[in-house]
Structure formats: structure tokens, C-alpha cells
Amino acid sequence: MGSPRNSPKNSLSGSPTNGSAVNGGVSRLGSPGAATRGERIPSSPDRHHSEVTLRVNGRPRTLVVDHRSVLLDVLREQLGLTGAKKGCDHGQCGACTVLVDGRRVNSCLLPAVAQDGYDITTVEGLAGDDGEERTANGQERAADGEVRTADGEVRAADDGLHPLQRAFIDRDAFQCGYCTPGQLCSAVGAIAEAEAGHPSHVTDPATPSGQPVPLGPDEIRERLSGNLCRCGAYAHIVRAVEDVIR
């Protein structure tokens, strides 16, 4: 479903399932997509490669990247962040969605070299580098580390899970898990867009300009319509997002 799941555990937490970081060595300069085929890239810039610094999940990462490599491939192959998935490779399925400077994007379409200096958040970084669970609207963290919801219900903290990740688990909003990282990042971006007052195609024209847009089921479905789920968990995904924004 969002415009602009691997095992459930790995898809929700974003924990890499393999360590395929590529460093050093020499690449074949005439060969496009070197990182995606496991070829080694040079350790310093040349006419086919440039050095960039990406602030990924709050941490600056300086890399030498092929000018033809897209952000998705650099995240997966050079940084080992395998949460974002390669689905269609054409920006149509949303499985590769990440946040760049807080805005959701299809990372399979973005040249990595053009992201120099930008803040990038992947599913692995949704909960924050400190491992603390972020609270959503109507939630607060109790002194003992438990999370107290707006209804007064108290539940234990979830090892640093973002509230949306916990809601996806509670609502069974994932099945195979392949699309889940993109769904999560897209939902985070969609909530922020609505709070900033950005309308969607289904927003009531009478909504005051620049004011937060209420997110009902129709708004959520529209805003996440660019993320596809082949398992058909859309109804559960909408309810999970509703749980977080209450």
C-alpha cells in the first residue's frame, strides 16, 4: 500500500540476515550495478565512483559508491541493511520505501550519489539508535519502562520496537513479511505528512490549509496505496495505523 516480509522477526526489526557489506578492492569499471552482483568497488573515488556521506539511522556513513548504484543497493549490499526489499525495481510496489530527510521515497529509484549529506531512515532505525521505544500520540513511557496507552492500559516495553512495529504484530498486519519494512516506513511518513497538513486525493477540500489532516480509514488507505501486499493484509495494516494515531 504508501505513496510519497523474510521471517517476521527479521522483517519487523530489520535485523540483517546476512553480512554482505562490500569494502575495498577494485571493480570492473565498465560493469554497471557492481554492488548488486557482489563485485568489489574501489576504496577511493575515480571517474566512475564518488565518495558520499549518508547519515543512516542517525549515524554518518562515508562510502565510495558507483555512480549508477541506487540507494536501495547501497543500503543492502554495502551497509548490510537488508530491511528494505527489492520487489519490482521500478518504484511501483513500495517494498523498498525508506525515509530521506523524513519524506518517504522509493529507494530503488534514487541514485545513491545524489543522496550525499541526507538523513536516511530505514526500518532498522525506526525505533531509534538508543533502543528506546518511541511513544506515539496518547502514549507515555512509565518510569519502570512500561508503555501506558491512552486507555490506561499498561504493557511492557518491546525491546525497542517502534509503536507501529508493535501495532503490526498486535494486528497481524504482516504475513510473508516481504513488504512489511516498506509498509512501516511509508506509514511513518504518511502520519508525518498528515500532521504537517499535506492533503491527499481524498482529503475534504474544506479542510483548513496547513492544519493537520485527520487520518481515518479512507485517508490511510489512500496515503498507503503505493505499497502493495501480495498477502492481502491491507485491512490489518489500516487498523494497525489507526491504533497508533489514536
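A brief report on the enclosed structure follows. (Residues numbered from 1 in each chain as written. Predicted model: local features only at pLDDT ≥ 70, side-chain atom pairs only at ≥ 80, totals over all residues. Heavy atoms only, no water.)

## Digging into the nonpolar core
By size, the foremost hydrophobic cluster in this structure holds 27 residues, and its most contacted members are Leu164, Phe168, Leu224 and Val241. The set of elements that each furnish at least two residues to this core consists of α3 (163-170), α4 (180-195) and α6 (234-245). Looking at this core element by element, the count peaks at 7 residues for α4. Judged by nonpolar contacts, the second largest core, of 20 residues, contains Val56, Val70, Leu72 and Leu75. (Core = buried A, V, L, I, M, F, W, Y, C linked by side-chain atoms within 4.5 Å. Buried < 20%, exposed > 50% of the residue type's maximum accessible area, 1.4 Å probe, protein only. Helix = DSSP H or I, 4+ residues; strand = E, 2+ residues; numbered from the N terminus.)

## Side note on the packing of α4 against α6
Where α4 meets α6, the axes come as close as 11 Å, and the angle between the chain directions of the two elements is 45 degrees. It follows from the interaxial angle that α4 and α6 lie oblique. Considering the relative orientation of α4 and α6, their crossing is right-handed. Here Gln183, Ala187 and Ile191 of α4 lie close against α6, whose contacting residues are Ile237, Val241, Val244 and Ile245. Along the lines of polarity and charge, the residues of the contact of α4 with α6 split into 6 nonpolar, 1 polar and no charged. (Axes fitted to C-alpha atoms, helices over the stretch in contact; angles between N-to-C directions. Parallel < 35°, antiparallel > 145°, perpendicular 65-115°, else oblique. Left-handed = near helix turned anticlockwise from the far one by under 90°. Contact = heavy atoms within 4.5 Å. Nonpolar A, V, L, I, M, F, W, Y, C, P; charged D, E, K, R; others polar.)

## Brief notes about the pattern of salt bridges
A pair can form between side chains of opposite charge whenever their charged atoms are brought close. Inspection of every chain in the model, using the stated rule, returns 10 salt bridges. With a closest N to O distance of 3.0 Å, Arg166 and Asp170 form a salt bridge. Remark: Asp170 and Arg166 occur in helix α3; sequence separation between them is 4 residues, near one turn of the helix. Arg166 sits in the buried class, given a relative accessible area of 17%. One network of salt bridges, in which partners are shared, links Asp73, Lys86 and Asp89. (Salt bridge = Lys/Arg side-chain N within 4 Å of Asp/Glu carboxyl O.)

## Here we look at the side chain of Glu124
Turning to its location among the elements, Glu124 is positioned in the loop between β5 (119-121) and β6 (140-141). There is no salt bridge for the buried Glu124, and the closest opposite charge comes from Lys85, which lies 6.7 Å off by N-O distance. Looking at Glu124, its side chain comes within polar contact range of the main-chain nitrogen of Thr82, at 3.3 Å. Reaching out from Glu124, the side chain makes a polar contact with the side chain of Thr122 at a distance of 2.5 Å. (Lys, Arg positive; Asp, Glu negative; His and termini not counted. Polar contact = N/O pair within 3.5 Å; in protein donor to acceptor, adjacent residues only side chain to side chain.)

## Digging into unusual backbone geometry
Although it is not a glycine, Asn57 sits at a positive phi angle of roughly 50 degrees. Its place among the elements puts Asn57 in the loop between β1 (49-56) and β2 (59-66). Here Asn57 falls in the buried class, since its relative accessible area comes to 12%. In this structure, Asp101 takes a positive phi of about 50 degrees despite not being glycine. In this fold, Asp101 is placed in the loop between β3 (97-100) and β4 (103-106). Using a relative accessible area of 43% as the deciding quantity, one classes Asp101 as partly exposed.

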